[in-house]
Amino acid sequence: MELSDDEEPWIKGDAEIYTLVTGFGQDGKLRVDPVDMPYLDNERTVYRPNPWPTR
């Protein structure tokens, strides 16, 4: 995942980055849940998931 332009003025601090996750709830109805991603805060940075531990 790459954050290329957060459009947040530096004077306001880090941008609020979030994603929307869709699916079905326990009741079978459609759900849309926002997920806050505070660790994505540097422009022009590629973020990668942690690799599986090696044994």
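Procedures and definitions
- Starting from 1, residues in each chain are numbered consecutively following that chain's sequence as written.
- Totals for whole chains, interfaces and linings use every residue, but because this is a predicted model, local features are given only for residues with pLDDT of at least 70 and side-chain atom pairs only at 80 or more, for both listing and counting.
- Computation of side-chain values covers all heavy atoms of the structure but excludes hydrogens and water.
- Definition used for salt bridges: Asp or Glu carboxyl oxygen within 4 Å of a side-chain nitrogen of Lys or Arg.
- For the exposure calls, accessible area comes from a 1.4 Å probe over protein chains only, and a residue counts as buried if that area is under 20% of its type's maximum, exposed if over 50%, partly exposed in between.
- A pair of strands is considered paired only if DSSP assigns at least 2 bridges between the two.
- Working definition: helices are DSSP H or I runs of at least four residues, strands are E runs of at least two. Numbering for both runs from the N terminus.
- Without a salt bridge and with relative accessible area above 30%, a residue can belong to a patch; like charges are then joined within 9 Å and nonpolar side chains (Val, Leu, Ile, Met, Phe, Trp, Tyr) within 5 Å.
- Note that accessible areas follow from Shrake-Rupley with a 1.4 Å probe, and for residues the cover is restricted to the protein chains shown.
- Any two residues having at least one pair of non-hydrogen atoms within 4.5 Å are treated as being in contact.
- In this description, a nonpolar core means a group of buried Ala, Val, Leu, Ile, Met, Phe, Trp, Tyr and Cys residues linked to one another through side-chain atoms lying within 4.5 Å.

Caption draft 1: Quick peek at the pattern of salt bridges. One pass over the structure, following the stated rule, counts 1 salt bridge. Between R31 and D33 there is a salt bridge, with the nearest N and O atoms lying 2.9 Å from each other. Looking at D33, the relative accessible area reads 30%, which means it is partly exposed.

Caption draft 2: Local environment of the pairing of strand β3 (residues 30-36). Where strand β2 (residues 18-24) and β3 come together, 7 bridges link them in antiparallel fashion. Within the sheet, the bridge partner assigned to T19 lies in β3 and is V35. From the end of β2 to the start of β3, which pair antiparallel, there are 5 residues, and G28 there has a positive phi angle of about 85 degrees.

Caption draft 3: Main features of a nonpolar patch on the surface. Taken together, the side chains of Y18, L20, F24, L30 and V32 define a hydrophobic patch exposed on the protein surface, amounting to about 620 Å² of accessible area. Residue placement: V32 occurs in strand β3.

Caption draft 4: Representation of the environment of D6. Summarising the element assignment, D6 is placed in the loop between β1 (2-3) and β2. Residue classification places D6 among the buried residues on the basis of a relative accessible area of 17%. The spatial distance from the C-alpha of D6 to the C-alpha of N42 is 8.3 Å, given a sequence separation of 36 residues. Setting aside residues up to four positions removed in sequence, D6 forms contacts with A15, I17 and E43.

Caption draft 5: The nonpolar core, seen in detail. In this structure, L3, A15, I17, M37, L40 and Y47 together form the largest nonpolar core, which totals 6 residues. Sequence-distant contacts of L40, that is, excluding residues within four places in its chain, are made with M1, L3, I17 and Y47.

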